[in-house]
Amino acid sequence: MIITRTPFRISFVGGGSDLPGFYHRHEGAVLSTSINKYMYVTIHPSFNRGETVLKYSRTESVTDVHKLQHPIAKQLLLDHGLSGCEIVSTADVPSGTGLSTSSAYTVGLIHALYAYQGKYCSQEKIASEACTLEIEELGEPIGKQDQYGTAIGGLKIIRFLQNDSVEVEPIVVNREVQKRLNKNLLLFYTGLTHSAGEILKEQNKNVISESDKFNSLVRMTELVYEMRDALVSGNLDDFGSILDENWRLKKSLTSAISNGYIDKYYQIAMENGALGGKLLGAGGGGFLLFYCPEEKQLRLKSALSDLSLIPFDLENSGTKVVYVGNKDW
């Protein structure tokens, strides 16, 4: 039995610049971190070796891998030439909430399949293969930040180059600054879910065809480096204001990113101590993240008491194998 644990990610600034319609014209960049909410993937031989069993929100049992309905698991098993195994996935948060559950599953399963075959695969290679699978093989209209954001842990800048390559730059900050950042970030669940693919498809179309939206995204990539400098220098109030500017720019890319419900709670937060925030993921629903100094958080929590507060911490490890059982097959 193999168990992998893959963290979900929070993207602070630059989201959307990982789409080819943008980074083929201007280098993309995202500043993100992994957090201690995880996707767990378990793989072991099936009791009946002639069956391949897949357990997620439903259970599939097939004698031919081609008959699996789950597109990611089906394609990866075919790519690796594997069958006769049982794969089980569990997650700390629901799908469609902006924390990259789908890519975390892809990354975790790729990692598990390599370990199952006794092969080592680096986090960078896992991320690259996850991009190839989701974007090229399955044709999803998504970018590359989630795969790298979940495979590789810690605070980092992910750069999307015009030649389609990706570079990851870790951000080294003072330990006390990171602790303060962690304490000042609050995550609230809106209760809404979304379809990231449809929102990203519209956003990519707008960025390609409308110069003002393209320029807004250029500005968002500039904010990545301004936020890095704020973190390195310990200016966390600047971190909050940059988060706010990024959110206002992001909302301008397509009307599907926000709605009246989200805008209402964002405004309430800003009036009750938050210095900045954003809706995580492509938009439309999921989690609202706010930067709020610790001394003002009681007022903010009271003002947003209709929403569920989700505790979390920043994490540094990325995807990892957390259990290897005896090889009894």
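Scroll up to find the structure.
Report follows, based on the coordinates. Not measured: the values here are computed from a predicted model. (Residues numbered from 1 in each chain as written. Predicted model: local features only at pLDDT ≥ 70, side-chain atom pairs only at ≥ 80, totals over all residues. Heavy atoms only, no water.)

**A few points about the pattern of salt bridges**
Where charged atoms from two side chains of opposite charge come close, those side chains can pair. As enumerated under the stated definition, the model contains 13 salt bridges in all. Lysine 179 serves as the salt-bridge partner of glutamate 176, at 3.8 Å between the closest nitrogen and oxygen. Note that glutamate 176 and lysine 179 are positioned in helix H6 (residues 175-184) at a spacing of three residues, about one turn of the helix. For glutamate 226, the salt bridge is made with arginine 219, and the minimal N-O distance between the two is 2.8 Å. (Salt bridge = Lys/Arg side-chain N within 4 Å of Asp/Glu carboxyl O. Helix = DSSP H or I, 4+ residues; strand = E, 2+ residues; numbered from the N terminus.)

**Some remarks on helix H4 (residues 123-137)**
Working note: α-helix, 3.6 residues per turn, so residues spaced by three or four point in the same direction. When the terminal C-alpha atoms of H4 are compared, their 20 Å separation across 15 residues agrees well with the 21 Å that a helix rising 1.5 Å per residue should span. Looking only at H4, the buried set comprises Ile126, Ala127, Ala130, Cys131, Leu133 and Glu134. Buried residues of H4 fall within an arc of 165° about the axis and therefore sit on the same side. Looking at the packing, one finds that the buried side of H4 touches helix H2 (71-80), helix H3 (101-116) and helix H5 (145-151). With its phi angle positive at about 70°, glycine 139 sits one or two positions after the end of H4. (Expected span 1.5 Å × (residues − 1). Buried < 20%, exposed > 50% of the residue type's maximum accessible area, 1.4 Å probe, protein only. Arc of directions from axis to C-beta. Contact = heavy atoms within 4.5 Å.)

**As for a nonpolar patch on the surface**
Side chains of Met1, Val322 and Tyr323 sit close together on the surface and give an oily, nonpolar patch of about 250 Å² of accessible area. Note on placement: valine 322 falls in strand S13 (residues 320-324). The class of valine 322 is partly exposed, set by a relative accessible area of 40%. (Patch = residues over 30% accessible without salt bridge, like charges linked within 9 Å, V, L, I, M, F, W, Y side chains within 5 Å. Areas by Shrake-Rupley, 256 points an atom, 1.4 Å probe, with all protein chains shown as cover.)

**Some words on helix H10 (residues 260-270)**
Here H10 has its buried residues at Ile262, Tyr265, Tyr266 and Ala269. Along the axis of H10, the buried positions cluster into a sector of 105°, meaning they face one direction only. Of the surrounding secondary structure, the elements contacted by the buried residues of H10 are helix H9 (236-251), strand S9 (276-279), strand S10 (287-291) and helix H11 (297-303). Between the side-chain oxygen of the N-cap and the backbone nitrogen of tyrosine 261 there are 3.1 Å, and the N-cap of H10 in question is asparagine 259. (Polar contact = N/O pair within 3.5 Å; in protein donor to acceptor, adjacent residues only side chain to side chain.)

**So, the side chain of arginine 9**
Secondary-structure assignment places arginine 9 in strand S1 (residues 2-13). Overall, the relative accessible area of 3% leaves arginine 9 in the buried class. Side-chain polar atoms of arginine 9 contact the side chain of aspartate 146, separated by 2.8 Å. Apart from the residues within four sequence positions on either side, arginine 9 is in contact with Thr33, Ser34, Gly98, Leu99, Ser100, Gln145, Asp146, Gly149, Thr150 and Gly281.

**As for the packing of aromatic side chains**
The relative placement of two aromatic rings is captured by the distance of their centres and the angle of their planes. In the structure shown here, the tally under the stated rule is ten aromatic pairs. For the ring pair phenylalanine 12 and phenylalanine 239, a centre distance of 5.2 Å and an interplane angle of 75° mean the geometry is edge-to-face. You can see phenylalanine 12 sitting in strand S1 and its partner phenylalanine 239 sitting in helix H9, a full 227 residues away along the chain. Here phenylalanine 12 and phenylalanine 239 have matching classes, each one buried. Taken together, a centroid distance of 5.6 Å and an interplanar angle of 45° make the contact between tyrosine 266 and phenylalanine 290 tilted. Of this pair, tyrosine 266 sits in helix H10 while phenylalanine 290 sits in strand S10, and the two are 24 residues apart along the sequence. Each member of the pair tyrosine 266 and phenylalanine 290 is classed as buried. A connected cluster of aromatic rings, assembled from ring pairs, spans Phe188, Trp247, Tyr266 and Phe290. The ring of tyrosine 38 carries the charged tip of arginine 5 above its face, separated from the ring centre by 4.2 Å. Here the basic side chain of arginine 25 rests over the ring of phenylalanine 214, its NZ or CZ set 3.9 Å away from the ring centre. (Phe/Tyr/Trp six-rings, centres within 6.5 Å; stacked < 30°, edge-to-face > 60°. Lys NZ or Arg CZ within 6 Å of the ring centre and 35° of its normal.)

Read these as spatial facts, not as claims about activity.
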